[in-house]
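Single-letter residue listing:
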Number of protein chains: 2
Amino acid sequence: MLIEAADVEALALGGAFLATGGGGDTLIGELSTTAALERYGPVPLIDAAALADDALVVAVGASGSPTIMQEKPGNGQEARWALAALERHLGRSVDALIAFEAGGMNALLPIYAAAERRLPVLDADGMGRAFPELQMESFSIYGISATPLAAAVERGDLMLLDRISSSAVAEQLVRQYSVVAGGGQCVSAEHPMTGAQAREVSILGTISLCRDIGRLLLHHGNRIDAFVDDLTRLLAATHYGEVRPLYRGKVTDVSRQVRDGYDFAEVRLAAFGRSGATPDLLLEVKNEYLTAMLGDQPLALTPDLICVLDNETGRPITAETIRYGQRVTAIGIGAPALMRTPRALEVVAPGNFGFAQAYVPIEQLPKNSQL
Amino acid sequence: MLIEAADVEALALGGAFLATGGGGDTLIGELSTTAALERYGPVPLIDAAALADDALVVAVGASGSPTIMQEKPGNGQEARWALAALERHLGRSVDALIAFEAGGMNALLPIYAAAERRLPVLDADGMGRAFPELQMESFSIYGISATPLAAAVERGDLMLLDRISSSAVAEQLVRQYSVVAGGGQCVSAEHPMTGAQAREVSILGTISLCRDIGRLLLHHGNRIDAFVDDLTRLLAATHYGEVRPLYRGKVTDVSRQVRDGYDFAEVRLAAFGRSGATPDLLLEVKNEYLTAMLGDQPLALTPDLICVLDNETGRPITAETIRYGQRVTAIGIGAPALMRTPRALEVVAPGNFGFAQAYVPIEQLPKNSQL
């Protein structure tokens, strides 16, 4: 399948949805990716099954605070610089790019970078959503080293992590680099792997899924119930779990801060027409919406997806832009199977973000009886 | 001149003196450098004038908290790993090593690393003393890029800073790397430069000076006045400034903490036989002794050197080991000319360490009238 400029709007919209509140604003990525596809032509989106066993696959994506990325976008050359530095270090050319997360601008960035380089992009990613840290990529979870990793920032500085034994340490180094050298953002080329490895450790089909979810969102506009019905059908055939509306209500409080290169926030929703019957919903954020708590009762917990749509427009709302007074619908989705294994839960469960709850799959949690 | 195993004791002692309290404990460096010279043979110590214009010179040294380095030494392979990574990146072999600071273990580390590689070491360094940060090296001050820079830690992790436009940013990245990946220490190979450049931007003669100062210390033992007299004569022919005793007294208070990969401390001395006539001396530390204040009156200020000797043994006392009750003599030395230029004072003056005093050369400060 070829990705053309005409696909980018849907891709960006679906990417914003799967970003679960993180992944950064997609507008700049949408404009720049559209321009790149118009200039260089369509980019092949290939199945992992089509990769040669010994192909060199590299994950690319931007790291940093989504708030900062929105306020001060990069210069558009960072991915090219990072790829070139990694290729120089490896002594060979990359054969295909893969998104490290199929969320927000990072669902688009590999396509943007691939266009100029005439490379194919895998229809797959490393999270099946967005997560804030590198060691949460399925590549790391299933044994691929994050390094060698090259990271570039807007003013041209380049860091190469040659060999870092722990992906969590690599994450800290990239994060510090993004803060110290990049003013809060950088683009990495990382987790170099073979085609054979990519097939084993990736969340498959997620880029075309972004596009399809985006098409559903464009088609249904603010008819969110109809969107959820179609999304349920779309995901039923995939490795994702159950789709379930979690809450409808008004944003009554948002407290947020940018700290250590991340966005932290707590978002409180009050149900419509409440008579004290429905407790508030609390969404806890580290770049992404990570837990949805109805009082003491979790409705959805990381790694399951929590997506928030604006009831007026039907558009996804990112955690860095959600604001008082917005009327929203929160939707939960069971994470892809690869992100729910015991091995994955060692790094993406609520406890990994400092939350007390043990992970319970959304299918085993009570539903919000007020919906 | 050849450096032999028999030279190492004096080198280590003189290096500890020029370290102005920092540079880390020299015992481990002394033992490992002696062993390396015995195993691989003497290392040529060459004048910068003898270098080919296009020789590749690389600075090596350890970064981190001296306290941590003493508690948990490296494994002895970090310098080799860092050099190999840098050479691989540059695509050529190094022709000579240079110390980034002629202080403490970092006066010895290039010799240790050169022995196994059969490389010469320049009789020069980048500070003429020790300082806590990379951008304070004369190489950076006079326009050599710190990058490409390779840094290795004890467990084998390797970082390569390919191109970082600011040495202060490179310093922060190396420091973070030492903390996050190395538990507080790492060894860097950095500031690659040509022989022609090394001649212009280095503090010359400082390694043989370490050895000579060490020989004086060994010769005089605890006869500190006699040592100071000889040191004055030794330095009179160099680019260093005036040698001046600052204070004799007892350590009455030390407050210290390890923070952000540095040792911070304040050391208070009370004069002997005081009758209220002589105020306490306050030494302020960031890895090194940076200011010596007699009440409100500075007696010596960075970049001038403040060296502390133990009155009992005549040995230098590092800032991380100085302790209550020690009887000591503080000695001030005017910094080498290259570290006193307006360009150097932009990065090594008291204000660069958060102190309020403007730099005044030691020669222009009042002497301690009680000595």
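Residues numbered from 1 in each chain as written. Chains lettered and ligands numbered in written order. Predicted model: local features only at pLDDT ≥ 70, side-chain atom pairs only at ≥ 80, totals over all residues. Heavy atoms only, no water.

**Brief notes about the pairing of strand S10 (residues 243–259) of chain A**
All names here are of chain A. Both S10 and strand S16 (residues 327–333) contribute to a ladder of seven bridges, which runs antiparallel. Along S16, the bridge assignment pairs Tyr 247 with Ala 330. Here 10 bridges tie S10 to strand S11 (residues 262–271), and the two strands are oriented antiparallel to one another. The residue of S11 that forms the bridge with Gln 257 is Phe 264. (Pairing = 2+ DSSP bridges. Helix = DSSP H or I, 4+ residues; strand = E, 2+ residues; numbered from the N terminus.)

**Comments concerning the relation of the copies chain B and chain A**
When chain B is fitted to chain A, the best match, at an RMSD of 0.0 Å, comes from turning it 180° and sliding it 0.0 Å along the axis. The superposition operator between the copies reduces to a two-fold rotation axis. Considering only C-alpha atoms, the residue of chain B closest to the rotation axis is Leu160(B), which sits at 2.4 Å. Mapped onto chain A, 100% of the interface residues of chain B are again interface residues, and the two copies thus contact each other with one and the same surface. (Least-squares fit on C-alpha atoms with pLDDT ≥ 70 in both. Contact = heavy atoms within 4.5 Å.)

**Points about helix H1 (residues 8–18) of chain A**
Residues and elements named next belong to chain A. For H1, a buried count of 10 out of 11 residues is recorded, marking the element as mostly surrounded by other parts of the structure. The complete set of buried residues in H1 reads Val 8, Ala 10, Leu 11, Ala 12, Leu 13, Gly 14, Gly 15, Ala 16, Phe 17 and Leu 18. Remark: Thr 20 follows H1 within two positions and exhibits a positive phi of approximately 50°. (Buried < 20%, exposed > 50% of the residue type's maximum accessible area, 1.4 Å probe, protein only.)

**A closer look at the sheet that holds S11(A)**
Residues and elements named next belong to chain A. Spatially, the seven strands line up as an open sheet ordered S14-S13-S12-S11-S10-S16-S15, and their pairing is antiparallel. Two strands in the sheet have a free side with no partner beyond their single neighbour: strand S14 (297–301) and strand S15 (305–310). The sheet shows a mean angle of 35° between the axes of neighbouring strands, direction not considered. Bridging between strand S12 (residues 281–286) and strand S13 (residues 288–294) involves six bridges; their strand directions are antiparallel. Paired with Val 285 across the two strands is Tyr 289, which belongs to S13. (Axes fitted to C-alpha atoms, helices over the stretch in contact; angles between N-to-C directions.)

**A closer look at the environment of Glu133(A)**
All names here are of chain A. Relative to the elements of secondary structure, Glu 133 occurs in the loop between strand S5 (121–125) and helix H6 (138–141). Put simply, Glu 133 and Asn 287 are 154 residues apart on the chain and 9.6 Å apart in space, counted from C-alpha to C-alpha. Discounting chain neighbours no more than four positions away, the residues touching Glu 133 are Met 127, Glu 171, Tyr 262 and Lys 286.

**A few points about the pattern of salt bridges**
Per the stated rule, a full pass over the model turns up 32 salt bridges over all chains. With its nearest N and O atoms 3.0 Å apart, the salt bridge here joins Arg211(A) to Asp212(A). Residue Asp212(A) is classed as partly exposed on the basis of its relative accessible area of 23%. Among the ionic pairs, Glu116(B) bridges to Arg80(B), the shortest N-O distance being 3.4 Å. With Glu116(B) in helix H5 (residues 105–117) and Arg80(B) in helix H4 (residues 78–90), the pair connects residues that are 36 residues apart, well separated along the chain. Here the residues in one salt-bridge network are Glu242(A), Arg244(A) and Lys367(A), joined through shared partners. (Salt bridge = Lys/Arg side-chain N within 4 Å of Asp/Glu carboxyl O.)

**Remarks on the packing of helix H1 (residues 8–18) of chain B against helix H2 (residues 27–40) of chain B**
Residues and elements named next belong to chain B. Where H1 meets H2, the closest approach of the two axes is 10 Å, and the angle between their N-to-C directions is 145°. The two elements H1 and H2 cross, and the hand of that crossing is right-handed. Along the contact surface, H1 presents Val 8, Glu 9 and Ala 12, while H2 presents Glu 30, Thr 33, Thr 34 and Leu 37. Class assignment of the residues belonging to the contact of H1 with H2 gives a composition of three nonpolar, two polar and two charged. (Left-handed = near helix turned anticlockwise from the far one by under 90°. Nonpolar A, V, L, I, M, F, W, Y, C, P; charged D, E, K, R; others polar.)

**Quick word on the side chain of Glu101(B)**
All names here are of chain B. Note that Glu 101 resides in the loop between strand S4 (96–99) and H5. Salt bridges are absent for the buried Glu 101, whose nearest opposite-charge side chain, Arg 129, sits at 7.3 Å. Within the structure, the side chain of Glu 101 is placed 2.7 Å from the side chain of Asn 106, a separation counted as a polar contact. Looking at Glu 101, its side chain comes within polar contact range of the main-chain nitrogen of Phe 131, at 3.1 Å. Among all residues touching Glu 101, those that are not within four sequence positions of it are Gly 23, Asn 106, Ala 107, Asp 125, Gly 126, Met 127, Arg 129, Ala 130 and Phe 131. (Lys, Arg positive; Asp, Glu negative; His and termini not counted. Polar contact = N/O pair within 3.5 Å; in protein donor to acceptor, adjacent residues only side chain to side chain.)

**Topic: the packing of aromatic side chains**
Each aromatic ring pair is described using two quantities: the centre-to-centre distance and the angle formed by the ring planes. Evaluation of the coordinates by the stated rule reveals four aromatic pairs over all chains. Between Phe131(A) and Phe353(A), the aromatic rings sit 6.0 Å apart at their centres with planes inclined by 20°, giving stacked as the arrangement. Of the two residues, Phe131(A) sits in the loop between S5 and H6 while Phe353(A) sits in the segment after helix H11 (342–348), which places them 222 residues apart along the sequence. Note on accessibility: Phe131(A) and Phe353(A) belong to one class, buried. Measuring from centroid to centroid gives 5.3 Å for Phe17(B) and Phe227(B), while their planes differ by 80°, and the two rings are edge-to-face. With a gap of 210 residues between them, Phe17(B) in helix H1 and Phe227(B) in helix H10 (residues 224–236) connect regions that are remote in the sequence. (Phe/Tyr/Trp six-rings, centres within 6.5 Å; stacked < 30°, edge-to-face > 60°.)

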